[in-house]
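Breakdown of the fold
Each chain, letter by letter, is given below.
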Amino acid sequence: MSFVLRHPSEIAWRTAEHVELVLIALVIACAIALPLGIYVARHRRLGDLLLGGLNVIYTIPSLALLALLVPLFGIGTTTALIALVAYALMILVRNVVAGIHGVPFALVDAARGLGMSSRQTLWRVEIPQALPVMLGGARLATITLIALATLASWVNAGGLGTLVLYGLQHDDPARALVGSAIAALLAIFSDTFLRALERRITVR
Amino acid sequence: MKQHDTSAGAPVRLRDVAVRYPGADRDAVAGVDLDIPGGALVVLLGPSGCGKSTLLRTVNRLVVPYRGTIEVDGHDVTASDPQALRRGIGYVIQAVGLFPHLTVAQNVAIVPQLLSWTPEAIAARVDELLDLVRLEPARYRNRLPRDLSGGEQQRVGVARALAARPRVLLMDEPFGAVDAIVRTSLQDETLRLHRALGTTILFVTHDVDEALRLADRIVVMKDGRIEQDGTPLHVLAKPATTYVETLLDAKDAVRRLSLLCARDAMRNAARPVDGAPQVAASETLRAALSRLLEGADAVAVVDEGRVIGSLSFAEIRAALVANER
């Protein structure tokens, strides 16, 4: 407790850094994942190949991935963001594909039969129908990134991990505990919020 | 009925149409010729896998044949832009295919919207269509499909298909998923709409009774080919093959009676039929027979409250025999 009372501004600053890392990575990942997911959903063969590639990245342990990226991009926020985006992509793309493939054939058939082009079918029928599943992916990606972003401190990219790392290295368990607790709270809060949003937009 | 709703149906002409799906070892549709005059209600009948749905879907180019030509209103469908073609052809499917995230009004408005009608024209048309399928606009306009019964959903599906006043309407097993009572009332609605609008309707079903009830003309299909093509009565009375005979249970005299009209079989009001049970002139001989069996020698045929003739077992039999010739 006393740590919190003595360093409120540092805690606030690190939390803000953490949220910023996660949000930037999410925005970039979503911007890539939506078109990529649509492409994968529509081109089965090449799509499976792409998905396989993303899966390989996903299976690399996170610390190892950071270590691999440092020689290429140096120490700092860029490296941390690349790692976070890479992890989020797998989750997001997989859910975009699952969402689109999950749209009942009757709806796509009706859309085409009524004279929608394939672009109109995508935006007016497939994406609205896939939205709950895609949002589910975004939720999973968000909580994964909140956890992963604590590792950003290893490449000097700030965030709540800094508190944890410093706490562990300088025998200051309170500091480490506060860092982890806030990350956990952030994850729980995001999960609850996004779940509620998912429920709101699901219309079947 | 308003004037613009009476645009006559367009003719549909198929010549040697053949379709094969990728990976299949035989044709789903194997060289079909079909001439459908404008305004007809033609039912494609057959078991699942006989190619009837595939054939239907060639008309709006959801399926592209590898051989043959299809003309709607004299225009080759393969020569036209598929989206423009489909916006001009109504399409109703079994699963209804209403978009769950859109309201009733938004669903019905899809095609007018694709055709860039003005919002005012669309709103007016939506209300008009909901009236047409007997769903009170004020009550149904803003509801979501999930809040409707199966029958109501399919009414919206029909309204949506008719939105841009198509001259051809394709219906692919549209009432397969609703219960028998609702199905009968939807069939009645279909007949009423067909009479009111004069739209050419191609209707796919595997339900023999539905086919007999609706069709001007029945096209019986098997293995991608037409087995027989004729009026319901003709197909029942003179099945071309044993397949047709078995499928339609054509020997069933009662079934045939349900296609014959009391007015056409009755004897003119020569003898008095006081106190006899009555049937309307537009009712079927099946209804007349059932009243006879309840215990009467003759039934009176009534038109607009006036007795115009009578029917006994003799006339009913004579009608059946005449039908066999």
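Use the structure listed above.
Here, residues in each chain are numbered from 1, in the same order as that chain's written sequence. Chains carry letters and ligands carry numbers; both start at the beginning, A for chains and 1 for ligands, and go up in the order they are written. Selection of residues for local features in this predicted model requires a pLDDT of at least 70, selection of side-chain atom pairs for listing and counting requires 80 or more, and totals for whole chains, interfaces and linings are taken over all residues.

**Re the overall build of chain A**
This is how it is decided: Put simply, DSSP marks the helices as runs of H or I at least four residues long and the strands as runs of E at least two long, and each gets a number from the N terminus on. For every residue, the other C-beta atoms within 10 Å of its own C-beta are counted; 20 or more classify it as buried, 12 or fewer as exposed, and values in between as partly exposed. C-beta atoms are placed from the backbone. The contact rule is simple: place each C-beta atom from the backbone, and if two of them lie within 7 Å, those residues are in contact.
Each helix and strand in chain A was counted, giving nine helices and zero strands. For chain A, the N- to C-terminal ordering of α and β elements is α-α-α-α-α-α-α-α-α. With the C-alpha coordinates aligned to their principal axes, the bounding extent of chain A is approximately 65 × 40 × 20 Å. A total of 204 residues make up chain A; the buried ones form 40% of that total. Sequence separation of at least 24 residues holds for 72% of the intrachain contacts in chain A that already meet a minimum separation of 6.

**Regarding the overall build of chain B**
A count of helical and extended segments in chain B gives 15 helices and 14 strands. Projected onto its principal axes, the C-alpha coordinates of chain B cover approximately 65 × 50 × 35 Å.

**Some words on the sheet that holds strand β1 (residues 12–19) of chain B**
As a general point, the strands of a sheet are linked pairwise by backbone hydrogen bonds and lie either parallel or antiparallel. All names here are of chain B. Quick reminder of the rule: When DSSP finds two or more bridges between two strands, those strands count as paired. Helix axes are fitted to C-alpha atoms over the stretch in contact, other axes to C-alpha atoms as well, and angles between N-to-C directions run from 0 to 180 degrees.
If you walk across this open sheet you meet the four strands as β2-β1-β4-β5, and the pairing is antiparallel. With partners counted over all chains shown, the strands left at the sheet margins are β2 (29–36) and β5 (75–76), one partner each. Inspection of the sheet shows β1 paired to β2 by six bridges, in the antiparallel sense. Note that in β2 the partner of Val19 across the bridge is Val29. Its contacts with the sheet put helix α1 (residues 52–59) on β1, β2 and β4 (67–72), and the angle it makes with β1 is roughly 120 degrees.

**Side note on helix α5 (residues 119–132) of chain B**
All names here are of chain B. Applied cut-off: The span expected for a helix works out to 1.5 Å for each residue beyond the first. Directions from the helix axis toward the C-beta atoms define the arc.
Given a rise of 1.5 Å per residue, 14 residues ought to cover 20 Å, and the 20 Å separating the end C-alpha atoms of α5 matches this to within 8%. When α5 is considered as a whole, its buried residues turn out to be Ile122, Arg125, Val126, Leu129, Leu130 and Leu132. Viewed end-on, α5 has its buried residues packed into an arc of 150 degrees, placing them on one side of the element. Those residues of α5 that are exposed and aimed more than 90 degrees away from the buried face are Glu120, Ala124 and Asp131. Tucked inside the fold, the buried residues of α5 contact α3 (104–108), α4 (110–114), α6 (137–140) and α7 (150–162). A positive backbone phi angle near 60 degrees is found at Arg134, which sits one or two residues after α5.

**Details of the packing of helix α2 (residues 8–42) of chain A against helix α8 (residues 160–169) of chain A**
Residues and elements named next belong to chain A. Rules: Orientation categories follow fixed angle ranges, with anything under 35 degrees roughly parallel, anything over 145 roughly antiparallel, 65 to 115 roughly perpendicular, and all other angles oblique. Basically, the charged four are Asp, Glu, Lys and Arg, the nonpolar ten are Ala, Val, Leu, Ile, Met, Phe, Trp, Tyr, Cys and Pro, and anything else, Gly included, counts as polar.
Relative orientation of the contacting elements α2 and α8 amounts to 125 degrees, with a least axis distance of 7 Å. Judged by the angle between their axes, α2 and α8 are oblique. Listed contacts from α8 to Arg14, Thr15 and His18 of α2 are Leu160, Thr162 and Leu163. Tallied by class, the residues present in the contact of α2 with α8 amount to two nonpolar, three polar and one charged.

**Concerning the interface of chain A and chain B**
It is common to give the size of an interface as the accessible area lost on bringing the parts into contact. Contact with chain A, which involves 15 residues of that partner, is made by 17 residues of chain B. At the level of elements, α6 (105–113) and α7 (118–148) of chain A are the ones that each hand at least two residues to the side of chain A that touches chain B. Classifying every residue of the side of chain A that touches chain B by side-chain character gives eight nonpolar, four polar and three charged.

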